Each structure stands twice: as structure tokens, then as C-alpha cells.
Amino acid sequence: MYNVMIVEDSKPILRNIKMLLETLNFPIRVAATATNGEEALAVIHQESIDLLLTDIRMPKMDGLSLIEQAKLANPELKVILISGYSDFEYTRKALNLQVFDYLLKPVEREALEEVMGRVIDRLDQQISKDLLDLQEIIHPQCETAPKQGEEFPPLFSQMLIIMSKQPFTAGHERWVQVELETIMQDFFTFHPCRVYTSQTPYQLVAFVNKSALDLYSSVHECLESLRRHLVAHDYDAIIGGQLLYAESGNLPELYQRMSSIVSEQQRLKQGLALDTGNPVSMARSEPGCLDWVLETAFVQMIQARRKEQFALKLSELLNRWAEENVLMTEVERFIGLVVDTFAHLYEEQGSGMRLGLELRARQLVGAQSYADFCRELTEWTGQCFDMLQSHVRKSKAILFEQIDDYVKLNKYSQLSINDIAMKFHVSPSYVSRVIKNATQITFVQYYTRLRIQEACRLMECQPDMKFKEVSDVLSFSDQHYFSKVFKEYTGFSPTEYKQQIAGIETQTHIVDQIQDTSAVSQQLSASTEEVSATVAAMSHISKVSAESAQTTSAAAQEQMAAMEEISASSAQLSKTAENMQELVRRFTLYSSTHHEK
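These remarks concern the structure in this document. (Residues numbered from 1 in each chain as written. Predicted model: local features only at pLDDT ≥ 70, side-chain atom pairs only at ≥ 80, totals over all residues. Heavy atoms only, no water.)

Another point: the overall build of the protein chain. When its secondary structure is counted, the protein chain shows 20 helices and ten strands. Among the 597 residues that make up the protein chain, the fraction classed as buried is 43%. The long-range share in the protein chain, meaning contacts at least 24 apart out of those at least 6 apart in sequence, stands at 70%. Surface summary for the protein chain: the accessible area is close to 32,600 Å², and the carbon and sulfur share equals 53%. (Helix = DSSP H or I, 4+ residues; strand = E, 2+ residues; numbered from the N terminus. Buried < 20%, exposed > 50% of the residue type's maximum accessible area, 1.4 Å probe, protein only. Contact = heavy atoms within 4.5 Å. Areas by Shrake-Rupley, 256 points an atom, 1.4 Å probe, with all protein chains shown as cover.)

Rendered as C-alpha cells:
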């Protein structure tokens, strides 16, 4: 529903226009009427008027002067001129004042209906834009659309107020829209007031008709009175506010600017009221500010793991903050410094804990009292020191295992310590310390040793591979540098090493042949023994046969002669086996002596 005001010095014409408007099917209400400009202007300052229909020629203040003054009060006000004159000069001035349109007397219903239809469309568009802007700054669950019969005056004709909960105060659960809206409406009794929950925790925004300022000498006085009213209801807050004009700019941007001013001026103890349209600048070097010398001292204590000294200095700082009622931005900046320092040290050790630290830091600022904040901050920083020390002991071994696997997998690449640092999200200096701690050598020595070991393996497994190919595949800069480094780590040049490999292979082949010859000799010796045993058995049988059958003496003698021949052959075989064993013994001795040389 839009509020319409008619200004006409002729009462019959005024009544006629009012009657015509009431017969039109538009969401409008004739909220006020006046017979001259001064009377109309007083109403505009008191009430929210969306559309002004005014005559031009009137006593005390004419229509053009009224429009000029009314636009200052409400830049979004839509105006329709009513005139009995087709005067170009009036039209030109009206255009300069951004009049929406004009009607000639006598006002006819059709013309009025056509103009009103267009101006209502324009007002609807303005409300849609205002609602979209409002949705950008308030919580998504907040209802923005006006309720049935509720007015929604243009945003840039009101006062915007931001209320933030004072830190280290109780009553978190009471900072809700319903309760604070009741208290605000009680304070601005005769002036429309709407309250919304913003997207910032424990912060609300309110829009109040600017007529509420008529009772006060300034915006600051009004806001300070509101702050004390909230304190009386156990709400300690910092309040910022200012009048909204069309020249104020985009609403979301204006809100962000006001919210920043409120945050920057919030102090450790006791709320504050600020006219953000005329903010008071605060010097950075005021008492309680942490100078760079003290900042550096706290950082160095964390880096050096001096837990007890840090706790002592922190206690002194907390006491000084309370005495000097410092800005909350200083408290938050110090906590941010602590978070950054611990997070950096954790990240150097390969642990990403920044998000967890930041979450805990935000919880600290939400403490119910300053005493609770001091206790929790001291305990938390102590835990951070303990975690840091524990992490140092166990993380280095785990990280080295991961680095070792990665380097071995990439030994064919030109790998640098920066590559490893980037891979494991730690600093190059930390990688260097981890490798030195695990291997007692530098990264360059460790990486080069792995590549030389791989070069040795390639020479053994692929003897036809050229030295340049080995150098290239292992990403050495050139063959000469590869040969130099190879000799430093093995004591041999690549050529000497390859000859050593070849000599070892030849000796291995000879030994294998000797072992085969020895095996044959042993088999021959075994065969000789078997023949000797057979001869002995046959000799015994022959003797038995000779004794038992003397009648066959001649046959026995022939058998004995044959056996003697077999025995002689066996002896010859035994001699041959002995000679072969001697040959094997000498060859083995020669091979061993040559290898030692």
C-alpha cells in the first residue's frame, strides 16, 4: 500500500481528486491532504509519503518550491504536478526537479488512471530493488516482504542502524530478532521501525523513519539514547547509524562501510554509539596498540618454543588491555598474529592446521567474560606449544619416508629441494633438516648417491648401454660431469667400473668350468673305485673256484690272467683321476692368485 498526499489550495478540486483516486483500483491510500506548500512540507517531514500530487500556484509556498524541499527530505518521492497552465517555464523547472508527470485541470479520471498506473509500476520496481538490496545484507532466513497491510517505505528515506553485541558479555541466546525488535519499537514508539538479523553473528540491522530524529539534536544523541535503553534491558552493544539518502550509494556497499566502522571502533569494555556518517578517526598508535617490537618478540618466542616466557608476557599484555580499554581490533589482530605464527610452523612440518586454529580463535572472542577470555587464551596457546613440540618429534621420520619414496620414484628427473618442498607443502629449509637428520648428509649428496647407485645398476643390467645414455637418462648435465661425480662416489671411472664388472663375470665363468671339470673327475674316481671292487670280487671268486676244482686248473689260470689285465686297467684309470684332480687344484690356485692381483 502506497501513501499518497494531495496538495491543492482549491478545496473542491482537492476533494474531487481524492474521490477519483479512491475509485481507482490501485494499492494506494490518501494518507494526507494540504492546501499550501508549508503545511504539506510539515507532513512530509512527519510521515512516510510515497507519492505527491501538488498544484503549482499556491499561497505561502508554491508547488515547485514544495517539490524542491520535499525531494531533500525524501529523494525517492514521486511527484505528479497538477496545473491549469500550459506554461513552458513551469514545465522546464519541473523536469529539472525530476517530476514524474503532470496533469492539467480539470483532472479527468482517464488521464489520472493512466498516470497513476505508470507511477505505481515505478514504485513497485523501486520496492523490488530495495528488497533485493536488503536480502544481500540480512540473514537468508529473515522475511523481507512486507506483511499484509504493512507499509514498506523506500530505504533511502530512513535511518539505518547497526547493533553489534559487545564482546565478552553474556546473553548470546538473547540476541535474536524478535526480542530486540520489541525493545526497539518500544523506544521508537511513534515511528515505524523494522529489525532484521544480519549475516554477521550477533549483529542486527534496523530501519527507522527519520522523523524519529525530531526529538534529538543529532544522530549521535539519538543513538546514544537507544544504547542506554538497550543497556537497561541487559543488552550491551555498540551502535552505528546514519541517515540514508539517494546519494548514499548502493545499500550493500553502504552497510559494509558502516559495519567496518563499527568493528574498528569497538572497544574491549562498554558499548559505544557512533554516527557513521561522521565517524571519529582513531590513531593507530594510541595506548594499548601492539608495536612492531612487541609483535616481533611474541613471534620469536613462539618460533623458539619458549612456552613459559610467552605465557608470562601474555599475562602482562592481557592486564594492560583491560586497564586501557583497547580497541577490539587490537585484540583480534594479536590473536591473528598468534594463529599465523603457529600455523606457519605447523605447515613447515607438513601439517595443515590453520582452519582449526582460526575456528578456535573465533570461539575465544565469543567468551562470556573477559576473565574467561584471558583464561581460555592462555590455555589454548599452551596447548599450541605442546602440539608443536609433539609434532616435531614424530613428524620428521614420517616425512622422510614419504620424501625417500618420492625421490626414488623421480630419480630419473632433475629434482630440486624446492620441488620436494612444494610437493609436501613445507619449506625447503625444513626438507633439508629432515633429510640431514635421517641420512647425516645433505639433500644434494643424498639425491646424487641415489642416482649413482642407479647408474651402477644400469651398467650391470645393460652392459651395452653407453655412458652418455646413462648420463642423459639420469638427467646429468653432461657426460663429463657424470664421470666426475661417478668417480667421487665409487672410486672408479665409469670405464674402470665396467671393466671390473667384466672381470668379475670372466672369473665367474672360469670357476664354473673348473667346478664342472672337478665334478667329472670325481665321477671318474668313483667309477675307478667301483671297477677295483669288481676286480677284487672276481679274484676272490677265482680263488674259490681254483681250490674247489683243481681239474679245471687250466681254465682258472686263463681267468686269472684276464683278471690281472682288468686290475691293470683299473690302476691306470685311478692314476688318470689323480692327475685330473691335481690339474683342478693348480687351476684353482692360479685363478685365486690372478683375482687378488
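Having put the structure on the table, let's press on.
As a further point, take the pattern of salt bridges. Side-chain pairing between opposite charges can occur once the charged atoms of the two side chains come close. Counted according to the given criterion, the structure contains 19 salt bridges. One salt bridge in this structure joins D55 and K105, with 3.0 Å as the shortest N-O distance. Of this pair, D55 sits in strand β3 (residues 51-55) while K105 sits in the loop between β5 (101-104) and α5 (109-135), and the two are 50 residues apart along the sequence. According to the relative accessible area criterion, D55 is buried, its value standing at 5%. (Salt bridge = Lys/Arg side-chain N within 4 Å of Asp/Glu carboxyl O.)

This part covers the pairing of strand β9 (residues 237-243). Summarising burial for β9: seven of the seven residues are buried, a large majority. By the alternation rule, side chains of β9 split into A237, I239, G241 and L243 and I238, G240 and Q242, which are all buried.

All right, on to the nonpolar core then. With 33 residues, the main nonpolar core has W321, F342 and F373 as its most contacted residues. Among the elements of the structure, α9 (292-303), α10 (307-324), α11 (328-348), α12 (354-365) and α13 (370-409) are those that each provide at least two residues to this core. With ten residues, α11 is the single largest residue contributor to this core. If you look at the next biggest cluster of nonpolar residues, it comprises 26 residues, including M159, I161, F187 and F188. (Core = buried A, V, L, I, M, F, W, Y, C linked by side-chain atoms within 4.5 Å.)

The next subject is the packing of helix α2 (residues 37-46) against helix α3 (residues 63-73). With their axes 10 Å apart at the nearest point, α2 and α3 run at an angle of 10 degrees to one another. Judged by the angle between their axes, α2 and α3 are roughly parallel. When α2 is examined against α3, the residues G37, A40, L41, I44 and H45 are found in contact with a partner set consisting of L66, Q69, A70 and A73. Here the residues of the contact of α2 with α3 are counted per class, giving six nonpolar, three polar and no charged. (Axes fitted to C-alpha atoms, helices over the stretch in contact; angles between N-to-C directions. Parallel < 35°, antiparallel > 145°, perpendicular 65-115°, else oblique. Nonpolar A, V, L, I, M, F, W, Y, C, P; charged D, E, K, R; others polar.)

What follows deals with α10. Count 3.6 residues to each turn of an α-helix, and residues three or four apart come out pointing the same way. Relative to the 26 Å expected for 18 residues at 1.5 Å per residue, α10 spans 26 Å between its end C-alpha atoms, a close match to the ideal helical length. For α10, every residue scored as buried is listed here: F310, L314, L317, L318 and W321. For α10, the angular spread of buried residues about the axis comes to 105 degrees, placing them on one side. Opposite the buried face of α10, by more than 90 degrees, sit the exposed residues E308, L312 and E323. (Expected span 1.5 Å × (residues − 1). Arc of directions from axis to C-beta.)

The next thing to look at is the sheet that holds β3. A sheet is described by the order of its strands in space; here five strands give the open sequence β2-β1-β3-β4-β5, paired in parallel fashion. Either end of the sheet is taken by a strand with one partner, and the two such strands are β2 (28-34) and β5. In this sheet, adjacent strand axes meet at a mean angle of 20 degrees when their direction is disregarded. The pairing of strand β1 (residues 2-7) with β2 spans six bridges and is classified as parallel. Looking at the pairing, V7 lines up with A34 of β2. Against the sheet, α5 engages β1, β2, β3, β4 (78-83) and β5, with an angle of about 165 degrees to β4. (Pairing = 2+ DSSP bridges.)

With that out of the way, let us pick up the environment of M116. Looking at the element boundaries, M116 is found in helix α5. Distance in space between the C-alpha atoms of M116 and L51 is 9.6 Å, their sequence separation being 65 residues. Those residues in contact with M116 that sit more than four places away from it in its chain are L21, L24, F26, I28, L51 and I80.

Turning our attention to the sheet that holds strand β8 (residues 203-209). A sheet is described by the order of its strands in space; here five strands give the open sequence β7-β8-β6-β9-β10, paired in mixed fashion. Across the chains shown, the open sheet's two edge strands, defined by having one partner strand only, are β7 (193-197) and β10 (272-275). Within this sheet the neighbouring strands show an average axis-to-axis angle of 20 degrees, counted without direction. By the bridge criterion, five bridges tie β7 to β8 in an arrangement that is antiparallel. In the strand pairing of β8, T197 is matched with L204. Sitting on the sheet, helix α6 (residues 177-187) is in contact with β6 (158-165), β7 and β8, with an inclination near 155 degrees to β7.

With that settled, the discussion passes to the packing of helix α16 (residues 443-461) against helix α18 (residues 479-490). Contact geometry for α16 and α18: axes closest at 10 Å, N-to-C directions at 95 degrees. Viewed along their axes, α16 and α18 adopt a mutual orientation that is roughly perpendicular. In contact with Q445, T448, R449, I452, A455, C456 and M459 of α16, α18 contributes F482, V485, F486, Y489 and T490. Taken together, the residues that form the contact of α16 with α18 break down as eight nonpolar, three polar and one charged.

The next subject is unusual backbone geometry. In most cases, non-glycine residues show a negative phi, while peptide bonds are predominantly trans. Geometrically, the link from K105 to P106 is a cis peptide bond, its omega value of -10 degrees lying close to zero. Locating P106 in the fold gives a position in the loop between β5 and α5. Located in the positive-phi region is N325, a residue other than glycine, with phi close to 50 degrees. Along the chain, N325 falls in the loop between α10 and α11. Even without glycine at this site, Q440 takes up a positive phi of about 65 degrees.

Functional significance is not addressed by these values, which are geometric in nature.
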